[in-house]
Amino acid sequence: MKFRATFSDRGLKLLEKGFLPCMEKHGKTCTLLAGPTELHFVQLEKDTDGMHVTARWAKEVLFDAYSCHSQCNNKVAFTIDITLMLRVLRSAHTNAADSVDMKLCMRTLPSATPASAIDGSPGVSKPFLAFSSKGNNMNMVQDMPVSKPMNRSEIEEQEKGKDLSEMCPFYLDLLPDILRLQALVDKLKGLSSTATLVVTRQGHLHLQAAAPSVHVASEIQGLDVYPNELKDNAQPLTASLAEGRMQQALANGMVLYLEKSITGHVGFPDNPTVVAK
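Definitions and limits used
Residues numbered from 1 in each chain as written. Predicted model: local features only at pLDDT ≥ 70, side-chain atom pairs only at ≥ 80, totals over all residues. Heavy atoms only, no water. Helix = DSSP H or I, 4+ residues; strand = E, 2+ residues; numbered from the N terminus. Buried < 20%, exposed > 50% of the residue type's maximum accessible area, 1.4 Å probe, protein only. Contact = heavy atoms within 4.5 Å. Areas by Shrake-Rupley, 256 points an atom, 1.4 Å probe, with all protein chains shown as cover. Pairing = 2+ DSSP bridges. Axes fitted to C-alpha atoms, helices over the stretch in contact; angles between N-to-C directions. Salt bridge = Lys/Arg side-chain N within 4 Å of Asp/Glu carboxyl O. Arc of directions from axis to C-beta. pLDDT = per-residue confidence, 0-100. Core = buried A, V, L, I, M, F, W, Y, C linked by side-chain atoms within 4.5 Å. Phe/Tyr/Trp six-rings, centres within 6.5 Å; stacked < 30°, edge-to-face > 60°.

Chemist: Could you give an account of the overall build of the protein chain, naming the residues involved and the relevant values?
Modeler: Along its length, the protein chain carries 9 helices and 16 strands. In the protein chain, which comprises 277 residues, the share counted as buried stands at 40%. Counted over contacts in the protein chain with a minimum sequence separation of 6, partners at least 24 positions apart contribute 63%. About 15,100 Å² of surface is accessible on the protein chain, with carbon and sulfur atoms providing 51% of the total.

Chemist: Run through the sheet that holds strand 6 (residues 76-81), naming residues and quoting values.
Modeler: Pairing is antiparallel across the open sheet formed by 4 strands, whose spatial order is 4-3-2-6. Both outer strands of the open sheet, strand 4 (53-58) and strand 6, are each paired with one neighbouring strand and no more. Averaged over neighbouring strand pairs, the angle between their axes works out to 20° when direction is ignored. Here strand 2 (residues 29-34) pairs with strand 3 (residues 38-43) via 4 bridges, running antiparallel. Pairing of alanine 34 across the sheet is with leucine 39, part of strand 3.

Chemist: An account of the environment of alanine 217 is requested, with residue identities and associated values reported.
Modeler: With respect to the helices and strands, the residue alanine 217 is situated in strand 13 (residues 214-220). In the structure, alanine 217 is positioned 29 residues away from leucine 188 in sequence and 9.4 Å away in space, judged by C-alpha atoms. With residues near it in sequence (within four places) discarded, alanine 217 still touches Leu207 and Gln208.

Chemist: Give me the pattern of salt bridges: which residues, what numbers.
Modeler: Pairing between side chains of opposite charge can happen when the charged atoms of each approach one another. Within the structure shown, the criterion is met by 7 salt bridges. Across the pair lysine 75 and glutamate 159 runs a salt bridge whose closest N-O atoms are separated by 2.8 Å. Here lysine 75, found in the loop between strand 5 (63-69) and strand 6, pairs with glutamate 159, found in helix 6 (residues 152-162); they are 84 residues apart in sequence, far enough to count as distant. On the accessibility criterion, lysine 75 (23% relative accessible area) is partly exposed. Between arginine 245 and glutamate 219 there is a salt bridge; the shortest N-O distance is 2.6 Å. Of the two residues, arginine 245 sits in helix 9 (residues 242-252) while glutamate 219 sits in strand 13, which places them 26 residues apart along the sequence.

Chemist: Describe helix 6, with residues and values.
Modeler: An α-helical turn contains 3.6 residues, so any two residues separated by three or four positions project in the same direction. Among all positions of helix 6, only Ile155, Gln158 and Gly161 are buried. Relative to the axis of helix 6, the buried residues are bounded by an arc of 110° and lie together on one face. The secondary structure elements touched by the buried residues of helix 6 are strand 2, strand 3 and strand 6.

Chemist: Tell me about the confidence of the model for the protein chain, residues and numbers included.
Modeler: Any residue range with low pLDDT should be treated as having predicted coordinates unsuitable for detailed reading. Within the protein chain, residue pLDDT values average 83, and 85% of them lie at 70 or more. Across the protein chain, element-level confidence peaks in strand 6 with a mean pLDDT of 96 and bottoms out in strand 16 (residues 270-276) with 31. Counting contacts from residues 263-277, a segment whose pLDDT is below 50, to residues more than four positions away or on other chains yields 43 contacts.

Chemist: So, the nonpolar core: which residues are in play, and what are the values?
Modeler: The biggest cluster of nonpolar side chains holds 38 residues, and the ones touching the most others in it are Phe3, Phe7, Phe41, Ile80, Met85, Leu129 and Phe131. At 6 residues, helix 4 (residues 82-94) tops the list of elements feeding residues into this core. Setting aside residues up to four positions removed in sequence, phenylalanine 41 forms contacts with Leu15, Leu20, Met23, Cys30, Thr31, Leu32, Val53, Thr54, Ala55, Trp57, Ile80 and Met85. In terms of nonpolar packing, the next biggest core, distinct from the first, is built from 15 residues, Ala209, Ile220, Leu223 and Val225 among them.

Chemist: Quick rundown of the packing of aromatic side chains? Include the residues and the values.
Modeler: The tally for this structure, following the rule as stated, stands at 6 aromatic pairs. Put simply, the rings of Phe3, Phe7, Phe63, Tyr66 and Phe78 touch in pairs and so form one group of aromatic residues.

Chemist: Provide a residue-level description of the pairing of strand 11 (residues 194-200), including the pertinent values.
Modeler: Summarising burial for strand 11: 6 of the 7 residues are buried, a large majority. The sheet contact formed by strand 11 and strand 12 (residues 205-211) spans 4 bridges and is antiparallel. Looking at strand 12, one finds that valine 199 is bridged to leucine 205. Hairpin connection from strand 11 to strand 12: 4 residues lie between these consecutive antiparallel strands, with glycine 203 at a positive phi of about 90°.

Chemist: Before we move on, can you summarise unusual backbone geometry with the specific residues and values?
Modeler: Geometrically, the link from tyrosine 226 to proline 227 is a cis peptide bond, its omega value of -5° lying close to zero. Following the sequence through the fold, proline 227 ends up in the loop between strand 14 (225-226) and helix 8 (228-232). Backbone geometry at asparagine 74 places phi at a positive 60°, although glycine is not the residue there. For asparagine 74, the location among the structural elements is in the loop between strand 5 and strand 6. Residue asparagine 74 is classed as partly exposed on the basis of its relative accessible area of 30%.

Structure follows, in structure tokens:
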């Protein structure tokens, strides 16, 4: 089993400034799932108390050099501490490293028992991600402990975790309206602890919350849909009112319909449960 890579400048910034800090907000650990052509960070529900987070990169996006080999279809997976990895990457950035290499390796550590020190018993072998950062005025090596590399069945479980196509066959790009959506979620949190979210293949998002005496609903239109062909093949919604357009989409089976808690993360709710498709 071999896994080693050299970060590109772009890849280092993507992880340090963007994706790892985002994942750290949801859980302390994640699975690094490496394959021949791409790399995934996966957080299952057990890692985040409800959220399911996955990030995927082609190897060319993160690395200048990359190698991953194993007897499990050349895939390697292990659990990492996100905070520790962020410290390593930030220290490389702070010290102006020109290159950052990492590789999966085994280190022999002295046994913690007093008896082993006396009788000379061999130490304990444990897995690490070894980082080597080099620059004009620095040469730093840092070993980050990781979990034991996963076996075939565990890797297959993580493979299922990164493939959300059955639960979520399409996505809406929320970035153009993310501030508006976050402000709306903040308002709805004062009304109810849960909300109904409906997203359609036509690029519409409906968010609703209700209390005993009031029902609030909002619609955002014109969002990009991925994969694009799902929007291209979707029937137009012709109703004049937002409620009518939502009912049309529900009747046509072109929606994801979820009930979510909105008390945990502004804009990124907890514990999604698919009620209907």
